[in-house]
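One letter stands for each residue in the lines below.
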Amino acid sequence: MSSQAPAHEDAHEAHHGHSHGHQAGHGSFKSYVTGFILSVILTAIPFWLVMGEVFANHVVTAIFVMVLGAVQIVVHMIFFLHMNTKSEGGWTIMALIFTIIIVAIALSGSLWVMYHLNANMMPMSPEMMKNMP
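Residues numbered from 1 in each chain as written. Predicted model: local features only at pLDDT ≥ 70, side-chain atom pairs only at ≥ 80, totals over all residues. Heavy atoms only, no water.

Undergrad: Give a detailed account of the overall build of the protein chain, specifying residues and quantitative values.
TA: When helices and strands are counted, the protein chain shows 5 helices and 0 strands. What you see in the protein chain, going N to C, is helices and strands ordered as α-α-α-α-α. For the protein chain, contacts bridging at least 24 residues in sequence account for 58% of all contacts bridging at least 6. Accessible surface for the protein chain amounts to roughly 10600 Å². Of this, 72% is attributable to carbon and sulfur atoms. (Helix = DSSP H or I, 4+ residues; strand = E, 2+ residues; numbered from the N terminus. Contact = heavy atoms within 4.5 Å. Areas by Shrake-Rupley, 256 points an atom, 1.4 Å probe, with all protein chains shown as cover.)

Undergrad: Please provide a residue-by-residue account of the confidence of the model for the protein chain, values included.
TA: Here the protein chain averages 80 in pLDDT, and 80% of its residues register 70 or above. Predicted confidence in the protein chain is weakest over helix α1 (residues 11-15), with a mean pLDDT of 50, and strongest over helix α2 (residues 29-51), with 95. Note on residues 5-11: pLDDT is under 50 here. Beyond four places in sequence and across chains, it has 4 contacts. (pLDDT = per-residue confidence, 0-100.)

Undergrad: So what's going on with α2? Residues and values would help.
TA: The end-to-end C-alpha separation of α2 is 33 Å, in line with the 33 Å expected for 23 residues at 1.5 Å each. Of the residues making up α2, those classed as buried are Ser 31, Gly 35, Ser 39, Leu 42, Pro 46 and Leu 49. At its buried positions, α2 is contacted by α3 (58-79). Positioned one or two residues after α2, Glu 53 has a phi angle of 45°, which is positive. (Expected span 1.5 Å × (residues − 1). Buried < 20%, exposed > 50% of the residue type's maximum accessible area, 1.4 Å probe, protein only.)

Undergrad: Hey, could you go over unusual backbone geometry for me, with residue numbers and the actual values?
TA: With phi around 45°, Glu 53 is a residue other than glycine that occupies positive phi space. For Glu 53, a relative accessible area of 61% gives the class exposed. The phi dihedral of His 82 falls on the positive side, at around 60°, and the residue is not glycine. Looking at the secondary structure, you find His 82 in the loop between α3 and α4 (91-121). Its relative accessible area of 16% is what places His 82 among the buried residues.

So, in structure tokens, the structure goes:
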């Protein structure tokens, strides 16, 4: 018998934590419940901000909703997709960083497009509306 580790791992050993290679994070009941509660809270707060008209300025409300949406994406990735710095040799944290960058680009681009559509496609003043046929 050789004292060297085998070139490949037994699936049974890898599943039960006796693996010598990459370790994937496994969620516990507590982590799933924590993720669920955070998701509910991060959904309820923006709903309350919009429906309750908490802020007089709609831009402030939009910023809060976008930030809470981005936080919710990160919560889902950590608590439900089990992304951490130890899994897969750190590559899952790289996926998390990449996702954060893509989400930031998508959110800022969406806001930019919506703002410019509103500013450029809806230029009518109340006086111009009076003169409409």
